[in-house]
Amino acid sequence: MRRVTGAALGIVVMGALVAPPAQARPQVEKKPVAEGYGGAVATVDLDASKIALDVLKHGGNAMDAVVAGAAALGVTEPYSAGLAGGGFIVYYDARSRRVINIDGRETAPAKMTPSTFEGIPFDQAVTSGLSVGVPGSVAQWDLALRRHGTLSLKKALKPAADLARKGFVVDQTFYDQTAANAARFADITSTAALYLPNGAPPPVGSTFRNPDLARTYQELADKGPSWLYGGKLGQEIVATVKAPPVTPGSTRNVRAGLMEVSDLRAYKALTPEPTKVRWNNLDVYGMAPPSSGGSTVGEALNILEYAGPVGLSEYLDASRLAFADRNAYVGDPAFVQVPLRELLSEGFAKERACLIGDTALPHPAAPGQPDGAYGPCATPAPAPGTKEQQPEGPETTHLVASDRWGNVAAYNITIEQTGGAGIVVPGRGVLLNNEMTDFTFGPAPGDPNLPAPGKRPRSSMAPTIVLKDGRPLLAVGSPGGATIITTVLQILVNRFTFGMSLPDALAAPRASQRNTAATQAEQAFIDRYGPELTAKGHTFTPTPEIGAATALEFLRHGKVQAVAEPARRGGGSALVVKD
Ligand code: GLU
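The next subject is the site of the ligand. Not every one of the 13 residues close to the ligand is listed here, only the nearest: T396, E416, E435, D438 and G481. When isolated, the ligand has an accessible area of 290 Å², and the protein chains bury 98% of it. By residue class, the composition of the shell around the ligand is 2 nonpolar, 6 polar and 5 charged.

Now the structure itself:
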């Protein structure tokens, strides 16, 4: 979305406008589709894509590229990504021919209990120390690079530090996101100082620099992850969480958080087994719990496999059923028994698929019984106590990269809401996450996603890698809270069931059915498909925009197609190593 400054078309020397030197590289442009060889990237942002591509061009692999790219997104997309957030990586390792997961999800502090959020209005929890989870990104980057990368964390952070120092050109999306957050940013001194420099969002076209973040990345590069996980940076984060720097005179109730340095010391990135389903003669790998991404995308695909001829009505109802099960059964597997194998089994899929008919399923769909005893057509179980989900926004970001060796990375990184907790760590230039608001607030007896000490909140992030005959065919993911799941699902269905090209599959208008009465849908979807679907009993709530996906498809003879959004969130940036 933004370009690094200094890439001027001409250089003024002693008053004369001279052409750039002949050896200057041609300006790389922001475009949503690129095809070529030797590796590819797609992110929402040109600067981040360029940094990830540069890593590939200098011999780095796909893991190096997404880590460096994510750190860069922490600069140019600071409201969606950053070192004080978390995320999930799904990675195809070409050498072992295996798909792996790296879980960098934030965790709840040891003092958090199931009732911590009871009675707190959601919009108040959003801007609070209480919502800040123990950050996972840095531990995740470190583990990802040590296991699968070729760069050190120090090297991977350098381009992002340079970018933060040099700055980027503010575009409309950054301006709009800042403006949408201006009221709460103004109530936190450190956040107002950074993002509302003259009491207002930085204007479109101006250069935005974050020297504090540049120094933070540099010091993290020099000192390593322990600087955060127990060291000085960690201590400063804890101090900020416990006493957010509220602007004098502000009436906002910014609650203090529960994090201690011991919580930071205890943090570990994890490597769970990915989810896997067989669909359409493809192997679809996703993110394991505590994300519900892999299980819910996987279950919905499984249902579609047995739902007869698939059209949009079946797509919506498969999603509705999968969400009923997600809400009832998926949480952090270290704390709750998640019946993952059953949720992704053929028997369960058949039991759920047989509920789908010619007309829309009644609302709400009850969860099924993933108990291993599958009959021909099941009677849904009574719903355990699950709560209606919170509204979903456009937050978070997703990037993909592949390299010349055949490795593929799909990476969702987040600080939860756009703008996270709205609290910048003073002097460090980085926003804290508010990921703890992904827990169910309660009281909700039986809900698998209630907070607990050290627990990871259920996520919807769904980085996904599809293999055909054991080789990567596609990688895809998106931001958007729980709509991430439906966006990924819809892109897969568009591509492989409806036969669209990958660029068309991303650009197509979206609808998101998450076991709610009405389906959330973009206006273009309602205009195009509303009449036929309404006749079948579906109803729709219009929403301006769902998701901001990035994807790769591996074509014949080593060619790769990188795809980003043509329009959503201002459009994304796809680049390849060689055209
Ligand atoms: N916190 C969200 C999740 O993990 C991601 C951020 C978002 O897109 O809402 O599902």
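Past the structure itself, the notes keep going.
Let us look at helix α12 (residues 312-329). A rise of 1.5 Å per residue sets the reference length of α12, with its 18 residues, at 26 Å; its end C-alpha atoms lie 26 Å apart and thus fit the reference within 8%. Burial runs high along α12: 18 of the 18 residues are buried.

Let's shift gears to the packing of helix α11 (residues 293-305) against helix α14 (residues 346-353). Across the interface, α11 lies against α14 with an axial gap of 8 Å and an inter-helix angle of 65°. Classified by the interaxial angle, the pair formed by α11 and α14 is roughly perpendicular. For the element pair α11 and α14, the recorded crossing hand is right-handed. Along the contact surface, α11 presents E299, N302 and I303, while α14 presents F348, A349, R352 and A353.

For the second largest pocket, the calculated volume is near 480 Å³. Along the walls of the second largest pocket sit 23 residues, with G406, R471, P472, F554 and G558 positioned nearest its centre. Among the secondary structure elements, those contributing two or more residues to the lining of the second largest pocket are β3 (33-43), β10 (397-403) and β13 (471-477). When residues of the lining of the second largest pocket are assigned to their parent elements, the largest contribution, 3 residues, is made by β13. Of the residues that constitute the lining of the second largest pocket, the class distribution is 9 nonpolar, 7 polar and 7 charged.

Core analysis: the biggest nonpolar cluster contains 86 residues, and L83, W141, Y195, Y217 and L432 have the highest contact counts within it. Sequence-distant contacts of W141, that is, excluding residues within four places in its chain, are made with V67, A70, A71, L83, L153, L157, Y217, Y411 and I413. Among the nonpolar cores identified, the runner-up in size contains 73 residues, and A40, F323, I356 and A562 belong to it.

Moving on, we get to the confidence of the model for the protein chain. Mean pLDDT for the protein chain: 93, with 93% of residues reaching 70 or above. Overall, residues 1-22 carries pLDDT values under 50, and its contacts beyond four positions in sequence, including any with other chains, amount to 42 contacts.

Along the chain, Y37 turns up in strand β3. Y37 sits in the partly exposed class, given a relative accessible area of 32%. Along the backbone, Y37 and F323 are 286 residues apart, and their C-alpha atoms lie at a distance of 38 Å. Look past the residues within four positions of Y37 in its chain and what remains in contact with it is H557, G558, K559, V577, K578 and D579.

On the secondary structure map, L53 appears in helix α1 (residues 46-57). Among the residues examined, L53 registers a relative accessible area of 8% and is labelled buried. Residues L53 and V66, 13 residues apart in the sequence, show an inter-C-alpha distance of 9.4 Å.

Before going further, it helps to examine the side chain of R568. Mapped onto the fold, R568 is located in the loop between β18 (560-564) and β19 (573-578). Overall, the relative accessible area of 7% leaves R568 in the buried class. For R568, the side chain forms a polar contact with the main-chain oxygen of L506, separated by 2.8 Å. Looking at R568, its side chain comes within polar contact range of the main-chain oxygen of A508, at 2.8 Å. With near-sequence residues (within four places) excluded, R568 lies in contact with L506, A507, A508, P509, R510, E522, E545, I546 and G547.

Moving on, we come to the sheet that holds strand β14 (residues 511-512). Ordered by their spatial adjacency, 3 strands build an open sheet running β14-β15-β16, and the pairing between neighbours is mixed. Both outer strands of the open sheet, β14 and β16 (540-542), are each paired with one neighbouring strand and no more. Two elements, β14 and strand β15 (residues 519-521), share 2 bridges in a ladder whose sense is antiparallel. Counterpart to A511 in the pairing with β15 is A521.

Per the stated rule, a full pass over the model turns up 26 salt bridges. We note a salt bridge from R98 to E273, for which the minimum N-O separation is 3.5 Å. One end of the pair, R98, is in strand β5 (residues 98-104); the other, E273, is in the loop between α10 (261-266) and β8 (275-279), and 175 residues separate them in sequence. Across the salt bridge formed by R252 and D187, the nearest N and O atoms sit 2.7 Å from each other. With R252 in the loop between α9 (232-242) and α10 and D187 in the loop between α6 (172-186) and α7 (189-195), this pair connects stretches of sequence that are 65 residues apart. Overlapping salt bridges bring together E219, K223, K232, E236 and R428 as one network.

Next up on the list: the packing of aromatic side chains. Evaluated as defined, the whole model comprises 16 aromatic pairs. Summarising the aromatic geometry, the rings of F525 and Y529 are spaced 4.9 Å apart at their centres and angled 55° between planes, so their arrangement reads as tilted. Taken as a pair, F525 and Y529 lie in helix α17 (residues 523-535) at a separation of 4 residues, close to a single helical turn. Residue F525 is classed as buried on the basis of its relative accessible area, which comes to 0%. A connected cluster of aromatic rings, assembled from ring pairs, spans Y79, F168, F174, F185, Y195 and F208.

The rules behind each value
- Residues numbered from 1 in each chain as written.
- Predicted model: local features only at pLDDT ≥ 70, side-chain atom pairs only at ≥ 80, totals over all residues.
- Heavy atoms only, no water.
- Near = heavy atom within 4 Å.
- Areas by Shrake-Rupley, 256 points an atom, 1.4 Å probe, with all protein chains shown as cover.
- Nonpolar A, V, L, I, M, F, W, Y, C, P; charged D, E, K, R; others polar.
- Helix = DSSP H or I, 4+ residues; strand = E, 2+ residues; numbered from the N terminus.
- Expected span 1.5 Å × (residues − 1).
- Buried < 20%, exposed > 50% of the residue type's maximum accessible area, 1.4 Å probe, protein only.
- Axes fitted to C-alpha atoms, helices over the stretch in contact; angles between N-to-C directions.
- Parallel < 35°, antiparallel > 145°, perpendicular 65-115°, else oblique.
- Left-handed = near helix turned anticlockwise from the far one by under 90°.
- Contact = heavy atoms within 4.5 Å.
- 1 Å grid on protein atoms, 1.4 Å probe; cavity = no way out; pocket = protein on both sides within 12 Å on 5 of 7 lines; lining within 4 Å.
- Points joined across faces, edges and corners; volume = space filled by probe spheres on them.
- Core = buried A, V, L, I, M, F, W, Y, C linked by side-chain atoms within 4.5 Å.
- pLDDT = per-residue confidence, 0-100.
- Polar contact = N/O pair within 3.5 Å; in protein donor to acceptor, adjacent residues only side chain to side chain.
- Pairing = 2+ DSSP bridges.
- Salt bridge = Lys/Arg side-chain N within 4 Å of Asp/Glu carboxyl O.
- Phe/Tyr/Trp six-rings, centres within 6.5 Å; stacked < 30°, edge-to-face > 60°.

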